[in-house]
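So the chains spell out like this:
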Amino acid sequence: MTTRRDLIALAALAPLAAACEALGIKGTVITSVTQNGHTTVRQRDFKNWDEFEEAMGEVATDFSEFAKQVGAVTRELISTLTDVPPPGKVKLGALAPSLAPFEGNLDYDYLTVASMQPDAPYQFEYVRLGMPDYDAFFKASAELYATAYQLLETGRHIVLANAAAKGERPPSDVEAGKRRLPKSEVEQALGTLRATDDSAVAKKAEQLEVLYGSVVTLGQTLAARTADTLSTGAALVASAPAQIVNPKLVLHLDLIVKGLTESLALVKDTGALLGELV
């Protein structure tokens, strides 16, 4: 069993005397990974804003338990099913046109960052059976969770960046991704971050503001569709024995139904979360 715990120990310096000089920030990222009872600790120091951003990319919000379960079943389905279309993978830019400029940028594309983590429990992948209704539901489930995850991480990065810019240590539960930040707290941090005199921090704040606004808008849309998505998924679970007649799929009908059921739990979990955050 592998568990992962990320902490940021921040110690910020005061702004340099000259207005044109960047804010000096010092700190350490400590990442511990426990596997089979053995813990490996990695320490990474940072001494400026760029290094702080790089270090932040190594820290990610904990996945929900439902996402871990869905990830495991999805991997099992992908490895077990044959003669089906290749699996899909959620990309940030495909979620909304406004998010396309951020895709692949590890400072802002937290889906990619999460997928790069060792033994990531959820890769934002979804199985495709070659049956449009089922494929659409698996995709919708993955996109819903991806939106919630991106929203959580964007808000967390805003709060942490604001604390670093002010030379303050953020709450430990925010550092470790253990608390879901309400919209009001994120917007307050963003407002403070935007008001900084440091050009590098202000530029970062501008990008985070655009990113956050785009994900919130998307989250509002998807949250409003959650009831319909749940209804669709429940109908697919009920009708699977009758609709799935491909002999190669019938052999694994129980596993497919399990994947559908786990995805339903994911939709319920993340739909409720989006309703809280947007």
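Residues numbered from 1 in each chain as written. Predicted model: local features only at pLDDT ≥ 70, side-chain atom pairs only at ≥ 80, totals over all residues. Heavy atoms only, no water.

> Could you clarify how one ought to interpret unusual backbone geometry in this entry?
When glycine is set aside, most residues are seen to have a negative phi, and most peptide bonds are trans. With a phi close to 55 degrees, Asp83 is a non-glycine residue in the positive phi region. A positive phi angle, close to 55 degrees, is found at Asp119, a residue other than glycine. Relative to the helices and strands, Asp119 is located in the loop between helix H4 (110–115) and strand S5 (125–126). (Helix = DSSP H or I, 4+ residues; strand = E, 2+ residues; numbered from the N terminus.)

> It is not clear to me how helix H2 (residues 65–80) should be interpreted in this structure. Could you clarify?
Count 3.6 residues to each turn of an α-helix, and residues three or four apart come out pointing the same way. In this model H2 runs 23 Å from its N-terminal to its C-terminal C-alpha over 16 residues, within 8% of the 22 Å that 1.5 Å per residue would give. Listed in full, the buried residues belonging to H2 are Ala67, Val70, Gly71, Val73, Thr74 and Leu77. Where H2 is buried, its residues contact S5, helix H5 (132–166) and helix H11 (253–277). (Expected span 1.5 Å × (residues − 1). Buried < 20%, exposed > 50% of the residue type's maximum accessible area, 1.4 Å probe, protein only. Contact = heavy atoms within 4.5 Å.)

> Which parts of the structure should I look at to understand the pattern of salt bridges?
As a working rule, side chains carrying opposite charge can pair if their charged atoms are close by. The full count for this structure, using the stated rule, is 7 salt bridges. We note a salt bridge from Asp83 to Lys248, for which the minimum N-O separation is 2.1 Å. With a gap of 165 residues between them, Asp83 in the loop between H2 and strand S4 (88–89) and Lys248 in helix H10 (residues 247–250) connect regions that are remote in the sequence. The class of Asp83 is exposed, set by a relative accessible area of 59%. Among the salt bridges present, the one from Glu153 reaches Arg156, with a minimum N-O distance of 2.9 Å. Here Arg156 and Glu153 lie together in helix H5, a separation of 3 residues that amounts to about one turn. With relative accessibility at 2%, the residue Arg156 sits in the buried group. Through salt bridges with shared partners, a single ionic network connects Asp173, Arg179 and Glu185. (Salt bridge = Lys/Arg side-chain N within 4 Å of Asp/Glu carboxyl O.)

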